[in-house]
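# Structural characterization, general
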Amino acid sequence: MTATAAPTAAPFRFFDVQVVRTLRLGPSMLRITFTGERLAELASGGRDQRFKLFLPQPHQAAPVFDDMGDGWYAAWRGQDPAERPLMRSYTIREQRHDPAEFDVDFALHGADDPASPGGGPASRWALRARPGDRLTVLAPAVEDNGGVDFRPPPGTDWILLTGDETALPAIAGILAWLSPGTVAKVWIEVGHEGDRQPLPSFADTEVDWLVRDHAAPRHGEPAVDALRAAELPEGTPYAWIAGEAGTVKAVRRHLVGERGFDRRAVKFTGYWRRGASEEELLAELTAAATGTAGK
Ligand SMILES: Cc1cc2nc3c(=O)[nH]c(=O)nc-3n(C[C@H](O)[C@H](O)[C@H](O)COP(=O)(O)OP(=O)(O)OC[C@H]3O[C@@H](n4cnc5c(N)ncnc54)[C@H](O)[C@@H]3O)c2cc1C
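Residues numbered from 1 in each chain as written. Predicted model: local features only at pLDDT ≥ 70, side-chain atom pairs only at ≥ 80, totals over all residues. Heavy atoms only, no water.

## As for the environment of Glu83
Relative to the helices and strands, Glu83 resides in the loop between helix 1 (72-78) and strand 4 (86-91). Look at Glu83 and you get partly exposed, because its relative accessible area is 36%. Here the alpha-carbon distance between Glu83 and Gly291, two residues 208 residues apart in the chain, equals 27 Å. With residues up to four places along the chain from it excluded, the contact list for Glu83 reads Gln57, His59, Gln60 and Val64. Only 3.3 Å separates the side chain of Glu83 from the side chain of His59, close enough to count as a polar contact. (Helix = DSSP H or I, 4+ residues; strand = E, 2+ residues; numbered from the N terminus. Buried < 20%, exposed > 50% of the residue type's maximum accessible area, 1.4 Å probe, protein only. Contact = heavy atoms within 4.5 Å. Polar contact = N/O pair within 3.5 Å; in protein donor to acceptor, adjacent residues only side chain to side chain.)

## Remarks on helix 5 (residues 245-258)
Here helix 5 is 14 residues long and its end C-alpha atoms lie 19 Å apart, about the 20 Å a rise of 1.5 Å per residue gives. Those residues of helix 5 not exposed but buried are Ala245, Thr247, Val248, Ala250, Val251, His254, Leu255 and Val256. Structurally, helix 5 contributes buried residues whose contacts are with strand 8 (158-163), helix 4 (221-229), strand 11 (237-244) and strand 12 (266-272). By the N-cap criterion, in which a side-chain oxygen at the helix start approaches the backbone nitrogen of a residue two or three places on, helix 5 is capped by Glu244, the distance to Gly246 being 2.9 Å. (Expected span 1.5 Å × (residues − 1).)

## A look at the layout of surface pockets
Considered as a void within the structure, the largest pocket measures approximately 980 Å³ in volume. Lining the largest pocket are 42 residues; nearest its centre among them are Tyr90, Ala107, His109, Thr166 and Trp272. Listing elements by their share of the lining of the largest pocket, those giving two or more residues are strand 3 (50-55), strand 4, strand 6 (100-107), helix 2 (121-128), strand 12 and helix 6 (278-290). The biggest single contributor to the lining of the largest pocket is strand 4, with four residues. Each residue belonging to the lining of the largest pocket can be placed in one class, and the counts come to 14 nonpolar, 16 polar and twelve charged. (1 Å grid on protein atoms, 1.4 Å probe; cavity = no way out; pocket = protein on both sides within 12 Å on 5 of 7 lines; lining within 4 Å. Points joined across faces, edges and corners; volume = space filled by probe spheres on them. Nonpolar A, V, L, I, M, F, W, Y, C, P; charged D, E, K, R; others polar.)

## Some points on the sheet that holds strand 2 (residues 29-35)
Within a sheet, neighbouring strands are paired by backbone hydrogen bonds and run either parallel or antiparallel to one another. Taken together, seven strands build an open sheet; the order of strands is 4-3-7-1-2-6-5 and the sheet is antiparallel. For this open sheet the edge positions go to strand 4 and strand 5 (94-97), each flanked by a neighbour on one side alone. Averaged over all neighbouring strand pairs, the angle between strand axes comes to 35°, with direction disregarded. Pairing analysis gives seven bridges linking strand 1 (residues 12-24) to strand 7 (residues 134-140), with the strands arranged antiparallel. Paired with Gln18 across the bridge in strand 7 is Arg134. Sheet strands touched by helix 6: strand 3 and strand 4. Its angle to strand 4, the strand with the most contacts, is close to 95°. (Pairing = 2+ DSSP bridges. Axes fitted to C-alpha atoms, helices over the stretch in contact; angles between N-to-C directions.)

## Things to note about the packing of helix 4 against helix 5
At a minimum axis distance of 9 Å, the contact between helix 4 and helix 5 shows a crossing angle of 10°. Judged on the interaxial angle alone, helix 5 and helix 4 are roughly parallel. Here helix 4 runs over helix 5; the crossing is right-handed. Residues Ala223, Val224, Leu227 and Arg228 of helix 4 form the contact with helix 5, whose participating residues are Thr247, Ala250, Val251, His254, Leu255 and Glu258. (Parallel < 35°, antiparallel > 145°, perpendicular 65-115°, else oblique. Left-handed = near helix turned anticlockwise from the far one by under 90°.)

## Topic: the packing of aromatic side chains
A full pass over the atoms with the stated rule returns 16 aromatic pairs. Taking the centre distance of 5.4 Å and the plane angle of 90° together, the rings of Phe14 and Trp72 count as edge-to-face. Here Trp72 lies in helix 1 and Phe14 lies in strand 1, a separation of 58 residues in the sequence. Judged by its relative accessible area of 2%, Trp72 falls in the buried class. Relative to Trp125, the ring of Phe106 lies with its centre 6.3 Å away and its plane at 50°, an arrangement referred to as tilted. In this pair, Phe106 sits in strand 6 while Trp125 sits in helix 2, placing the two residues 19 residues apart along the sequence. In this structure, Phe106 and Trp125 share a single accessibility class: buried. (Phe/Tyr/Trp six-rings, centres within 6.5 Å; stacked < 30°, edge-to-face > 60°.)

## Examining the sheet that holds strand 8
Read across the sheet, five strands follow the order 10-9-8-11-12 without closing on themselves; strand pairing throughout is parallel. Strand pairing shows two members of the sheet lacking a second neighbour, strand 10 (204-211) and strand 12, which therefore form its edges. Taken over all neighbouring pairs, the strand axes of this sheet differ in orientation by 10° on average, direction set aside. Note that strand 8 and strand 9 (residues 183-190) share six bridges and pair parallel. Residue pairing for strand 9: Trp158 is matched across the bridge by Val183. Sitting on the sheet, helix 3 (residues 168-177) touches strand 8, strand 9, strand 10, strand 11 and strand 12, and the angle it makes with strand 9 is about 160°.

## What to know about the nonpolar core
Judged by nonpolar contacts, the single largest core of 25 residues is most densely connected at Ile32, Phe34, Phe51, Phe102, Phe106 and Trp125. Setting aside its immediate chain neighbours within four residues, Phe51 contacts Phe12, Arg88, Ser89, Tyr90, Thr91, Ile92, Phe102, Val104, Val137, Leu138 and Ala139. (Core = buried A, V, L, I, M, F, W, Y, C linked by side-chain atoms within 4.5 Å.)

## Some words on empty space enclosed by the protein
Enumeration over the complete set of coordinates arrives at one cavity of 30 Å³ or more. Volume-wise, the largest cavity comes out at about 80 Å³. Forming the boundary of the largest cavity are 14 residues, of which Gly163, Asp164, Ala242, Glu244 and Thr247 lie nearest the centre. The leading source of residues in the lining of the largest cavity is strand 11, at four residues. Across the lining of the largest cavity, the residue classes tally to five nonpolar, six polar and three charged.

Now the structure itself:
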């Protein structure tokens, strides 16, 4: 789980943003379009551009930071957890310059289930978001930044992309970025038929939508099964895998162990882990980095 590690501020910068509009994309996904005064200074690198989103606590109108300078991370960690902004990782689905806006597609993961509302703070916030609602993001100020992972090396013959609905915004961004003539094979696992969406690309793409609701299989199973059964093109591949951490590991193991992919040509990122919130994942990473895990 490299994705949730503490981000460095440069070349990332804090931007105060507000909701312009929301658009329901399907049963599982909601698009929120943001704007902000300084958004002309935001520079998405496209593809799977990650950024951090900071939500206000339920009793606050906007996120409250003690420090937004270079020492923000230590200050944020030192803040009272009931007062400090909630931090989550998301993808810039698309940035536009006139007017200055960007879209984020949120997987609701049960936040809107009337029988037993689930989700987490970010998906619940997204579901309730209204024009004018405010939050803060830590986002890139230069296009060439460390928050873009999709970087196929020279000599790549074809691209393999796979992920669940949390990875769909990144997959869409990658497909929109690929050049004509690139061969891309794509497997996307979603909860419902209605979650399919158009994925415009100049590349030569073949997209396989794997819908869980047919036989109600476990999250991740359709993707692993489809990859195992797939006939893959000849030539040198570059694979990009994201989504639930256990599924990501299983797909990577299959590609490297059973299909002989060069491990350096497989970029894999756990975007979330079953049963763990992003705070819990960050706490694990911090404990591992400081050698306090298990103490
Ligand atoms: C680099 C990166 C980019 C990401 N981009 C996106 C994006 O563009 N769109 C997007 O929707 N997500 C994206 N994610 C995933 C998102 O950060 C997580 O799903 C996050 O946990 C959601 O926060 P939350 O507050 O809703 O839930 P949390 O409070 O973090 O978790 C609450 C519970 O929900 C479970 N959970 C979390 N996500 C899911 C899910 N999708 N399905 C089922 N259960 C879940 C957790 O295991 C936990 O038990 C990205 C993650 C990373 C690391």
